[in-house]
Amino acid sequence: MARSVPGIILAAGASSRLGEPKSLVNVGSVPLVRWAYEHLKTAGCKPIVVVTRAELSVDVLLAVPDAIVSINPHPEAGRTGSLQNGISSLHSELGRLPRKLVMAPVDRPGWNATLVRALTGHDQSVCPVHQGRKGHPVVLSGDDLERILSVSSSTPLRDIVSFLEVPVDGPWLHLNIDTSESLSDLHENAAELHAYFQR
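What comes next concerns the included structure. Predicted model only: the values in this text are computed from it and were never measured. (Residues numbered from 1 in each chain as written. Predicted model: local features only at pLDDT ≥ 70, side-chain atom pairs only at ≥ 80, totals over all residues. Heavy atoms only, no water.)

**Topic: the nonpolar core**
Quick reminder of the rule: By nonpolar core we mean a set of buried residues, namely Ala, Val, Leu, Ile, Met, Phe, Trp, Tyr and Cys, connected to one another through side-chain atoms within 4.5 Å. The buried label applies to any residue whose accessible area, calculated with a 1.4 Å probe on protein chains only, is under 20% of its type's maximum; exposed applies above 50%, and partly exposed to all values in between. Secondary structure elements follow DSSP: runs of H or I of four or more residues count as helices, runs of E of two or more count as strands, with numbering from the N terminus.
Formed by 42 residues in total, the largest nonpolar core has its most connected members in Ile 9, Val 33, Leu 40, Val 50 and Leu 186. If you list the elements that add at least two residues to this core, you get β1 (7-11), α1 (32-42), β4 (48-52), α2 (57-63), β6 (100-105), α4 (113-120), α6 (180-188) and α7 (190-197). Of all the elements, α1 adds the most residues to this core, at 6 residues. Core analysis: the second largest hydrophobic core is formed by 17 residues, Leu 10, Leu 83, Ile 87 and Ile 148 among them.

**Remarks on the pairing of strand β7 (residues 126-130)**
For clarity, the threshold we go by: Criterion used throughout: strands pair if DSSP finds at least two bridges between them.
Counting buried residues in β7 gives 5 out of 5 residues, a clear majority hidden from the surface. A two-sided burial pattern is seen for β7, the buried positions comprising Val 126, Pro 128 and His 130 on one face and Cys 127 and Val 129 on the other. In this structure, β7 lies alongside strand β10 (residues 164-167), joined through 4 bridges in parallel fashion. Looking at the pairing, Pro 128 lines up with Val 166 of β10. Of the pairings in the sheet, the one linking β7 to strand β8 (residues 133-134) comprises 2 bridges and is antiparallel in character.

Just geometry here; none of it tells us what the structure is for.
Here is the structure:
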């Protein structure tokens, strides 16, 4: 039986441009952090860690009560720091470093469980690409996980990992919920997004 691939949802950003916590933005009546959790769960990922900031921890825990919620005490240091926090939480939960994991930023919701399964079938670090556009989530694997843990938390992930690009059916990979305009785009296309997420 294949070993489950764990997942990490990054949800510790300040959301300064958007003006409200991205992880709690609703699509329909479902907050984005719950959407990401459900898609990872449907793809067979477990355990699933959500990394957030202290002031959002209660709301995030209520949104995803079955997830492991990990607090990044220094989210301003950057996304790699949150990823390091999530990997450490998985290490504590599993008693070892995972062989590979799925990392999903909460503000990049344009993917579904089928896409995740296409990525986790690879044994190296991979990212999805649709019509020349790269996106998230990504799979991080093997020595790359150790490299991530060894660098400064401010080091961009692109400077640490060289991803194999995997062609996928991902017409919404461009979604990046960081402004009021992108949030309007999300709401206006909610019906099409729901249909895509059910594939």
